[in-house]
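Per-entry structural report
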Amino acid sequence: MRSWIVRGLGMAVLHAVAAVALAKVTVYQPTDLTVITAVVLALLVGAAALWSAIDAWLGLDDRSRVWFIAALVSGPVSGLLTVLGRSLLVDQTGLNALGSALTGGAAFTALLVLVPAGLGLFVGSRIGGSGRAGEESDQFSRAEPAG
């Protein structure tokens, strides 16, 4: 399976679950939303940054393109899942919310995946670059000469 499919759908489901949970909290505790929103945003940013840092650390091929496409996929899919989840679990949201979820909501979700993923790729390549280079040079220096 393509890497961007797993990352894009995973981030879309995570963002949709977070949006539906925030909508559910808004129904029951509308005044306590500020701290909860900040915590949820921090978790979403941390998930994208950590996953992309691990990809960079492990040396995933073409990781920048993978995360770019995953961000583009996660936006509209998350918008669709959010409207579906809100209509089933929270407040019977109708199809009229789908337009804004697929435009502004999708753009926000894509940026909320892309920016932390870029940061995670940068940090992960810096952490993994020094350790992996040393391992490779040790491996080649220990190899027995052919012949």
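Starting from 1, residues in each chain are numbered consecutively following that chain's sequence as written. At least 70 in pLDDT is required for a residue's local features to be given in this predicted model, at least 80 for side-chain atom pairs to be given and counted, and no such filter applies to totals for whole chains, interfaces and linings, which use all residues. Side-chain calculation: all heavy atoms of the structure are included, whereas hydrogens and water are not.

A tally of regular secondary structure across the protein chain gives five helices and zero strands. Reading the protein chain from its N end, one meets helices and strands in the order α-α-α-α-α. Throughout, exposure labels follow a simple rule: accessible area from a 1.4 Å probe, protein chains only, divided by the maximum for the residue type, with under 20% read as buried, over 50% as exposed, and the rest as partly exposed. Here the protein chain, with 147 residues, has 29% of them falling under the buried criterion. Within the protein chain, contacts between residues at least 6 apart in sequence are counted, and of these 78% link residues at least 24 apart. Computed with a 1.4 Å probe, the accessible areas rest on the Shrake-Rupley method; for each residue, only the protein chains presented here act as cover. If you sum the accessible surface of the protein chain, you get close to 9000 Å²; carbon and sulfur atoms cover 69% of it. The helix and strand labels rest on DSSP assignments: H or I over at least four residues marks a helix, E over at least two residues marks a strand, and numbering proceeds from the N terminus. The contact criterion used is simple: two residues touch if any of their non-hydrogen atoms lie within 4.5 Å.

Nine residue types can take part in a nonpolar core, namely buried Ala, Val, Leu, Ile, Met, Phe, Trp, Tyr and Cys, and a core is a set of them joined through side-chain atoms within 4.5 Å. Judged by nonpolar contacts, Met11, Ala48, Ala56, Trp67, Ala70, Ala71, Val113, Ala117 and Leu121 together constitute the single largest core of nine residues. At the level of secondary structure, the elements contributing two or more residues to this core comprise helix H2 (33-58), helix H3 (63-89) and helix H5 (104-142). Those residues within four positions of Ala117 in sequence are excluded, and the remaining contacts are Ala48, Ser52 and Trp67.

Our focus in this paragraph is the environment of Ala23. Summarising the element assignment, Ala23 is placed in helix H1 (residues 3-28). The spacing of Ala23 and Asp91 is 68 residues in sequence and 8.6 Å in space, taken between C-alpha atoms. For Ala23, the residues in contact, after removing those within four places along its chain, are Arg86 and Val90.

Here we come to the packing of H1 against H2. Where H1 contacts H2, the axes come no closer than 10 Å and their chain directions differ by 170 degrees. Between H1 and H2, the interaxial angle falls into the category roughly antiparallel. Every residue of H2 that contacts H1 at Val6, Arg7, Met11, Leu14, His15, Ala18, Leu22, Val25 and Thr26 is listed here: Leu33, Ile36, Thr37, Val40, Leu44, Ala47, Ala48, Trp51 and Asp55. Nonpolar residues are Ala, Val, Leu, Ile, Met, Phe, Trp, Tyr, Cys and Pro. Charged residues are Asp, Glu, Lys and Arg, and all others, Gly as well, are polar. When the residues that make up the contact of H1 with H2 are grouped by side-chain class, the tally is 13 nonpolar, three polar and two charged. Think of each axis as a best-fit line through the C-alpha atoms, taken over the contacting stretch in the case of a helix, with angles from 0 to 180 degrees between the N-to-C directions. For classification purposes, angles smaller than 35 degrees are called roughly parallel, those larger than 145 roughly antiparallel, those between 65 and 115 roughly perpendicular, and all remaining angles oblique.

Turning to the environment of Leu95, a few remarks are in order. The topology assignment puts Leu95 in the loop between H3 and helix H4 (98-102). Judged by relative accessible area, Leu95 falls into the exposed class, the value being 72%. Spatially, the C-alpha atom of Leu95 lies 7.8 Å from that of Val83, the residues being twelve residues apart in sequence.

Should the pLDDT be low somewhere, the predicted coordinates at that spot are not to be read in detail. By definition, pLDDT measures how confident the predictor is in each residue, and it falls between 0 and 100. Considering every residue of the protein chain, the mean pLDDT works out to 83; 86% of them sit at 70 or more. Here H5 is the element of the protein chain with the lowest mean pLDDT, 74, and H2 is the one with the highest, 91. Contacts of residues 130-142 to residues separated by more than four positions or lying in other chains number three contacts, the stretch itself having pLDDT below 50.

This part covers the side chain of Arg7. Tracing the backbone shows Arg7 in helix H1. As used in this structure description, the phrase polar contact means that two N or O atoms lie within 3.5 Å; if the pair is within protein, one of them must be able to donate a hydrogen and the other to accept it, and residues adjacent in sequence are counted only when both atoms belong to side chains. A polar contact of 3.1 Å, which involves the side chain of Arg7, links it to the backbone oxygen of Ser3. Here the side chain of Arg7 touches Asp55 through a polar contact of 2.6 Å, side chain to side chain. Beyond its immediate chain neighbours, meaning those up to four positions away, Arg7 contacts Trp51, Asp55, Leu60, Val66, Trp67 and Ala70.

For patch detection, residues must exceed 30% relative accessible area and be free of salt bridges, and they are connected within 9 Å for like charges or within 5 Å for nonpolar side chains (Val, Leu, Ile, Met, Phe, Trp, Tyr). By salt bridge we mean one thing: a side-chain nitrogen of Lys or Arg within 4 Å of a carboxyl oxygen of Asp or Glu. Taken together, the side chains of Leu50, Ile54, Trp57, Leu58, Leu119, Phe122, Val123 and Ile127 make up a nonpolar region of the molecular surface, amounting to roughly 800 Å² of accessible area. Contributions of two or more residues to the nonpolar patch are made by H2 and H5. Relative to the assigned elements, Trp57 resides in helix H2. On the accessibility criterion, Trp57 (45% relative accessible area) is partly exposed.

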